[in-house]
Structure formats: structure tokens, C-alpha cells
Amino acid sequence: MARLHLFLAALWWGSLCAVGFMVVPMLFMHLETPAIAGQMAAKLFTAQSWLSLMCGLLLLLAAKRLSQDESHTPSPWVIAGMLCALLIEVAVKPHIVARDNMALWHNLGTALYVLQWLCAGKTLWALSPAQTELAVAASSEQNV
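The present account deals with the structure reproduced in this document.

1. Describing the overall build of the protein chain
Phase 1: Assigned secondary structure in the protein chain consists of 5 helices and 0 strands.
Phase 2: Per-residue burial over the protein chain gives 31% buried out of 144 residues.
Phase 3: Expressed as a percentage of contacts within the protein chain between residues at least 6 apart in sequence, the contacts between residues at least 24 apart total 74%.

Dropping the structure here:
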């Protein structure tokens, strides 16, 4: 079950990195017009929001099932990241698509996306085994 936690957190954080920091900027560099790039970016960000919500939900359900103690449960970070994804999808995106005060809504959406990225990163960091745990596991495998 610990591997599932780690996989979900890595998928969440990695997809945020790929979509927001690589794919969408490349759309605006390589597609014919900013309007076409913006339409495609909106679709990608919607898919990213749903992926984020699903990863977060599964992380919360898996943590509940394991009944981990409070010090190791990344639930506040998962919930905050899910809230950011939801706000982007239902509050920010409609204003950007309607081209309503683009600078304000785009900056707010960017801030929420970065905040979600930080929450996913903190979740991944919290679930990753410490370097000493990795060394102990490796040495115990060699002794077997």
C-alpha cells in the first residue's frame, strides 16, 4: 500500500510538472495562434484538474485504509492541492475561457497551479522514504 501512495503522489506531481511547465508553454511556442494554443491548453488543464482530483481522492482513501498516525499522513497537503485544482476548474477557468479580465484570472490561475504543485510536491516528499530508510533496506536485502 505504501507503494501505491508513492505512485499516486508521483503521478500527481509529475503530471503537474509536465503539463504546466513543459507542454502548455510548448503549445504557445509552436501552434499557429495563441487562440488555438489557449483552447488546447484549456483542455489539458481540465484533464490535469481531474487527474489531480482522482489522485488526491485515492491518496486520502488509501491513507484512511492504512489508518496511519497523524505525523505521517499528508492529508492536509492533499486536501489543499485538491482544493486548488477544484478552484482552478470551477472558479478560474470559466473567466479565462470567457476572456474576462484575462490578466487577473490568468495570474490567479497560475498562482493556484503553483500552489497545487507545491502541495503535490510536499505530499510526494512526505511519502518518500528517507535516505537512511533506503540504506537500511538495501543492507537488509544484502544480508538475506
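The discussion continues.
2. Looking at the nonpolar core
Phase 1: Residues Trp-12, Leu-16, Leu-59, Val-78, Leu-112 and Tyr-113 are the most contacted members of the largest nonpolar core, which totals 24 residues.
Phase 2: Among the elements of the structure, α1 (2-30), α2 (34-66), α3 (75-97) and α4 (102-127) are those that each provide at least two residues to this core.
Phase 3: When residues of this core are assigned to their parent elements, the largest contribution, 7 residues, is made by α1.
Phase 4: With sequence-adjacent residues up to four places away left out, Leu-112 is seen in contact with Cys-84, Leu-87, Ile-88 and Val-92.

3. Topic: α1
Phase 1: Spanning 29 residues, α1 covers 40 Å between terminal C-alpha atoms, matching the ideal 42 Å at 1.5 Å per step.
Phase 2: Taking the largest bend as the criterion, α1 deviates by roughly 30°, centred on Val-19.
Phase 3: Those residues of α1 that fall on the buried side of the exposure criterion are His-5, Leu-8, Ala-9, Trp-12, Ser-15, Leu-16, Cys-17, Val-19, Gly-20, Val-24 and Leu-27.

4. Considering the packing of aromatic side chains
Phase 1: Per the counting criterion, the structure on display carries 4 aromatic pairs.
Phase 2: Ring plane angle 85° and centroid distance 5.5 Å describe the contact between Phe-21 and Trp-117, whose orientation is recorded as edge-to-face. Of this pair, Phe-21 sits in helix α1 while Trp-117 sits in helix α4, and the two are 96 residues apart along the sequence.
Phase 3: Judged by its relative accessible area of 45%, Phe-21 is partly exposed.
Phase 4: Every member of this aromatic cluster is reached through a ring pair, and the members are Trp-13, Phe-21, Phe-45, Tyr-113 and Trp-117.

5. Notes on the side chain of Gln-116
Phase 1: With respect to the helices and strands, Gln-116 occurs in helix α4.
Phase 2: Within the local environment of Gln-116, its side chain forms a polar contact with the side chain of Trp-12, the two groups lying 3.2 Å apart.
Phase 3: Leave out the neighbours within four places in its chain, and Gln-116 touches Trp-12, Leu-16, Ser-52, Gly-81, Cys-84, Ala-85 and Ile-88.

6. Here we look at the packing of α3 against α4
Phase 1: α4 packs onto α3 with a crossing angle of 160° between their chain directions and a minimal axis gap of 9 Å. Taken as axis vectors, α3 and α4 run roughly antiparallel relative to one another. As α3 packs across α4, the resulting crossing turns out to be left-handed. Along its contact with α3, which presents Trp-77, Val-78, Ala-80, Gly-81, Cys-84, Ala-85, Leu-87, Ile-88, Ala-91, Val-92, His-95 and Ile-96, the element α4 presents Met-102, Trp-105, His-106, Leu-108, Gly-109, Leu-112, Tyr-113, Leu-115, Gln-116, Cys-119, Lys-122 and Thr-123.
Phase 2: Partitioned by chemical class, the residues of the contact of α3 with α4 number 17 nonpolar, 6 polar and 1 charged.

Thresholds applied
Residues numbered from 1 in each chain as written. Predicted model: local features only at pLDDT ≥ 70, side-chain atom pairs only at ≥ 80, totals over all residues. Heavy atoms only, no water. Helix = DSSP H or I, 4+ residues; strand = E, 2+ residues; numbered from the N terminus. Buried < 20%, exposed > 50% of the residue type's maximum accessible area, 1.4 Å probe, protein only. Contact = heavy atoms within 4.5 Å. Core = buried A, V, L, I, M, F, W, Y, C linked by side-chain atoms within 4.5 Å. Expected span 1.5 Å × (residues − 1). Bend = angle between axes of the 7 residues up to and from the residue. Phe/Tyr/Trp six-rings, centres within 6.5 Å; stacked < 30°, edge-to-face > 60°. Polar contact = N/O pair within 3.5 Å; in protein donor to acceptor, adjacent residues only side chain to side chain. Axes fitted to C-alpha atoms, helices over the stretch in contact; angles between N-to-C directions. Parallel < 35°, antiparallel > 145°, perpendicular 65-115°, else oblique. Left-handed = near helix turned anticlockwise from the far one by under 90°. Nonpolar A, V, L, I, M, F, W, Y, C, P; charged D, E, K, R; others polar.

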